[in-house]
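Given next are the chains, with one letter for each unit.
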Amino acid sequence: MASPSHLLLIFFSVFIALLPEATPLQPSQVWTLIKIQQLLNSPPMLSHWRHSTDFCGGAGGFTGPTGSAAVLCYGDTVTQLHIAGTPGSPPLPRNFSVGALVTTLSRLPDLKVLTLSSIGLWGPLPGKLGRLASLEIVNVSGNYLYGDIPKGMSRLASLQTLVLDDNLLGGELPAWIGAAAMPSLSVLSLRNNTFRGAVPESIGTMPSLRSLVLASNNISGNLPDMSRAANLQVLDVSGNSLGPAFPKLGRKAVSVVLSRNRFGGGLPAALGSFYLLERLDVSWNRFVGPFTPALLSLPSIRYLSIAGNRFTGMLSGREPCGDNLRFVDLSLNLLMGSVPTCLRSPERKPATVVLVSTNCLDSGGDDGSQRPSPFCQNQALAVGIVPGKERKSVASQAGFVAGIVVATLAAVSVVALIVFFAVRRAAVKGSKARALATSEEESSSTGYPSKLLADARYISQTVKLGALGIPSYRSFSLVELEAATNNFENSYLLGHDSLGEMYRGQLGNGTPVTIRTLKIKRSQTTQSLNRHIETISRLRHQNLVSALGHCFEYDPDNSTVTQLYIVFEYVQNGNLRSRISQGTEGCKLTWSQRISAAIGVAKGIQFLHGGIIPGLVGNDLRITNILLDQNHVAKIGSYNIPILAEAMKSEQGGAGNKFQQTDSPLYRDKTDIFDFGVILLEVVSGKTITSMYEVDILKELLAWAIADEDRVRRRSFADPAVNKGCSDESLRTIMEICQRCLAKEPAQRPSVEDVLWNLQFAAQVQDDWEVDAWSSGGGSPVSSSSRVTRPSRLNLSR
């Protein structure tokens, strides 16, 4: 999907084409544009600029895959300059000077709109930008600018829009940003930088301010009184440390996003009268107290999320809902009662997405298990609120709590005795059977003798292949699948391709599932189908999105199979990229969690290669296909199921992963290792990787970081979100195995067993480091990693 900057440039290109013949641009301004081209290292979108170019006639515009450019004039002078590259563009060369660029731009005195986004600008934001006194719109997002916002920009009295998103800017927000210095400022966006400290009171006094975006910084404290910014419509401060007081807002608010902060207390009653409000997100804060169902029925509300708080109250199935409501997330609270019927009404078109898991509701829908009602009652008491009742006096509450505590202790004692004897009897009865089953499983599924596995201390857990907690495989009836998907209604459709569709559903026992449909060709024999079903039935492992069963649909005339339905478990906690490179601060995985996820992926690969016969290789592994369950267990969501692979090959000619090397069939298993290396590269660096070019760049940086014993290099390569919370030995081990996985020659890449050994070792070192750091009251970055003796590992490379 095109970015807003690119859409804007396309509009300008069309607009230019419709303009009447323009006056030729002043020669001095032509020279200025050519100089800007040179200072920016002649990027592709400016390659057509020449001294002879008719810039005011529209010839300065360009839109292509590498970026966009547009020049707009009034008379013989430039008034708008737009240059936008692609997100993630590398920094400009070392000889680039952002100061020289701004000095050159100052030769365009009538410039009102300036866009220089994602083109690799780096250096401190120059105060000389204030010389461009006519500027009304400035967008320099997606670059590598650092330092404070300079005081010189306070001279931009006509500025209406300032967008500095996705840079490295920091320091405290300057107090001069306010009505006095920038009386016309209506849009201020500083998303994804490193600003800290409090939001200055002056920002709340800006009468023209319509949009304030401060998301993903390190800002703390309470927000100023924003009700004085009477025209404010958009407030996004997610991913900071703001709070605890809920901000005061004016009634014109349309979008309020406060997620992942430290806001507490209850929601203000005034929110129920915000009739223009379309989006309210207060998820993952510290809110307590009754939830106001009236928010569901606001006339304009489209998106509402209160997830991850401690809201209480009794919902009723009769609660009304707004006609525009499309997404509701009430999960992870202390709500009781019933989900409002209006949210799940089949008459709503389109249907509202409703998430209500981990409350104490009578029916939890598709979102997982609900807690028992006493849990929410006791937790509500802990925060001083009894759901459905008025607050009583302190004395009566204390007596009530004491009664519950005594009763609970008595019940727990009885249950504990029963459980103790039951568990002990079951343990004695099943210990021998488990030991025998484990031994047979290890030796038969991996091909390694049991003695070798017993001796290999560091890989003993990596070769156990099983499917713990996964329902048994079975055959489904078409009636069951129709009931699970409401007759395959469109609202249940997740996606489709030339082979069939993918639906979400819920079985009669409440199990959420994904159902893949596949049209069967008449040439497919019964023996071939049975062989494929036998393979599918074995695809069961805790690190795969496992197959739960299948269903055949038959032609009523000749009883031949016309459609195959494959039922998989449903994993609903996002993919690995969403918690690594695209995660916001506060929801990214820790270093230990990242190692655990990598181990899970490697175990899944090991099972695909050797856990079934014949093994499945060439699995087109990508980080977006690695799904996480509610416990952050990584599961490979898409792999080389033979019947799907054959159909896909015949349909598409076997198009593959854009990261894969053209490996010999002899090394097809090592193609999966290379793909795993790309995933590991993103896990370590925290950078989104979308092309082989980016892989090559990061490989060079990885080699540079590993080559030196200096810890600073390794830390500079690692994702800033985790580089302070990981052992240096653990980080070095992961980086080294990642480098080996990405070897150009397949024969030089490690086996999956070798990968697992290194990942397990890195996890062990990290655990020891964290224990030492905790026991020493915070520890030292050097701590135990300097004392771990690295054992000699078994040579399991193939």
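For every chain, the first residue of its written sequence is number 1, and the numbers climb from 1 along that sequence. Only residues with pLDDT of 70 or above have their local features reported here, since the model is predicted, and side-chain atom pairs are shown and tallied only from 80 upward, although totals for entire chains, interfaces and linings are computed over all residues. Excluded from the side-chain calculations are hydrogens and water; all other atoms, namely the structure's heavy atoms, are used.

**Examining the nonpolar core**
Generally speaking, nonpolar side chains in soluble globular proteins are found buried as a group. To define a nonpolar core, start from buried Ala, Val, Leu, Ile, Met, Phe, Trp, Tyr and Cys residues and group those joined through side-chain atoms within 4.5 Å. Each residue's exposure class comes from its accessible area (1.4 Å probe, protein chains only) as a fraction of the maximum for that residue type: buried when under 20%, exposed when over 50%, partly exposed otherwise. Residues Leu33, Leu40, Leu81, Ile83, Leu105 and Phe291 are the most contacted members of the largest nonpolar core, which totals 99 residues. The helix and strand labels rest on DSSP assignments: H or I over at least four residues marks a helix, E over at least two residues marks a strand, and numbering proceeds from the N terminus. A per-element tally of this core places helix H2 (residues 27-39) first, with five residues. Contacts are residue-level and defined by heavy atoms, with any inter-residue pair within 4.5 Å sufficient. Those residues in contact with isoleucine 83, other than ones at most four positions away along the chain, are Ile36, Leu40, Met45, Leu46, Trp49, Ser68, Ala69, Thr115, Leu116, Ser117 and Ile119. Ranked by size, the runner-up nonpolar core spans 73 residues in total, among them Ala598, Ile689, Val722 and Val755.

**A few points about empty space enclosed by the protein**
The gaps of empty space that remain are located by a probe, the size of a water molecule, rolled over the atoms. Using a grid of 1 Å spacing that covers the protein atoms alone, one calls a set of points a cavity when a 1.4 Å probe fits there but cannot get out, and a pocket when the set is open and has protein on both sides within 12 Å along at least five of seven lines; lining residues are those with an atom within 4 Å of a point. Grid points are joined across faces, edges and corners, and a volume is the space filled by probe spheres set on the points. This model, assessed by the stated rule, comprises three cavities of 30 Å³ or more. Put simply, the largest cavity is a space of about 80 Å³. Lining the largest cavity are Val98, Leu101, Val102, Leu105, Leu114, Leu116, Leu121, Leu125, Pro126, Leu129, Val140 and Leu145. Looking at the lining of the largest cavity, the elements that each hand over two or more residues are helix H3 (98-105) and strand E4 (113-117). A total of four residues in the lining of the largest cavity trace back to one element, the largest contributor, which is H3. Gly is put with the polar residues, along with every residue not named as nonpolar or charged; the nonpolar set is Ala, Val, Leu, Ile, Met, Phe, Trp, Tyr, Cys and Pro, and the charged set is Asp, Glu, Lys and Arg. Of the residues that constitute the lining of the largest cavity, the class distribution is 12 nonpolar, no polar and no charged.

**Focus: the confidence of the model for the protein**
Residue-level confidence of the predictor, termed pLDDT, takes values from 0 up to 100. Scored by pLDDT, the protein comes out at a mean of 79, with 79% of its residues at no less than 70. With pLDDT under 50 throughout, residues 652-656 is counted as low confidence; its partners more than four residues away or in other chains account for six contacts. Scored below 50 in pLDDT, residues 778-798 makes 50 contacts in the model with residues more than four places away or belonging to other chains.

**Quick word on the environment of cysteine 551**
For cysteine 551, the location among the structural elements is in strand E30 (residues 547-554). The exposure class of cysteine 551 is buried, given its relative accessible area of 2%. Once the C-alpha coordinates of cysteine 551 and tyrosine 565 are considered, the two residues, 14 residues apart in sequence, prove to be 5.0 Å apart. Once residues lying within four places of it in the same chain are set aside, the contact partners of cysteine 551 are Phe476, Ser477, Leu478, Leu481, Gln563, Leu564 and Tyr565.

**Considering the packing of aromatic side chains**
Stacked, edge-to-face and tilted labels apply to pairs of Phe, Tyr and Trp rings (six-membered ring for Trp) whose centres lie within 6.5 Å, assigned for plane angles under 30 degrees, over 60, and everything in between, in that order. For the structure on display, the rule yields 11 aromatic pairs. Pairing phenylalanine 246 with phenylalanine 287 gives two aromatic rings, centres 6.2 Å apart and planes at 55 degrees, and the pair type is tilted. Of this pair, phenylalanine 246 sits in the loop between strand E15 (241-242) and strand E16 (255-257) while phenylalanine 287 sits in strand E19 (residues 286-290), and the two are 41 residues apart along the sequence. Phenylalanine 287 matches phenylalanine 246 in its accessibility class, with the two residues each being buried. Considering the side-chain rings of phenylalanine 488 and tyrosine 503, the 5.0 Å spacing of their centres and the 70 degrees angle between planes classify their relative orientation as edge-to-face. Separated by 15 residues along the polypeptide, phenylalanine 488 in the loop between helix H7 (478-484) and strand E27 (493-496) and tyrosine 503 in strand E28 (residues 501-506) bring together distant segments of the chain. Pair check on accessibility: phenylalanine 488 and tyrosine 503 agree, each one buried. Taken together through their ring pairs, the aromatic side chains of Phe246, Phe263, Phe287, Phe291 and Phe311 make up a single cluster. Our definition puts a charge over a ring when NZ of Lys or CZ of Arg is within 6 Å of the ring centre and also within 35 degrees of the ring normal. Taking NZ or CZ as reference, arginine 279 lies 3.7 Å from the ring centre of tyrosine 303, over its face. When the ring centre of tyrosine 492 is taken as reference, the NZ or CZ atom of arginine 504 above it lies at 4.7 Å.

**Digging into the side chain of histidine 82**
You can see histidine 82 is positioned in strand E3 (residues 77-84). The exposure class of histidine 82 is buried, given its relative accessible area of 1%. N or O atoms within 3.5 Å of each other form a polar contact, as long as, within protein, one can give a hydrogen and the other can take it, and as long as residues adjacent in sequence are counted only when both atoms are side-chain atoms. Of note is the side chain of histidine 82, whose polar atom sits 3.2 Å from the side chain of threonine 115.

**Some details on the sheet that holds strand E29 (residues 512-519)**
Paired strands, as defined in this entry, are two strands with at least two bridges between them according to DSSP. Taken in spatial order, the six strands of this open sheet run E26-E30-E31-E29-E28-E27, and their pairing is mixed. What marks the edges here is a single partner per strand, and that holds for strand E26 (474-475) and E27. With seven bridges connecting them, E30 and strand E31 (residues 561-569) associate as antiparallel partners. Across the sheet, residue alanine 547 finds its bridge partner in E31, namely phenylalanine 568. In the packing of helix H8 (residues 526-537) onto the sheet, contacts are made with E30 and E31, and the angle to E30 comes to roughly 160 degrees. Under this scheme, a helix contributes an axis fitted over its contacting stretch, all axes are lines through C-alpha atoms, and angles between N-to-C directions fall in the 0 to 180 degree range.

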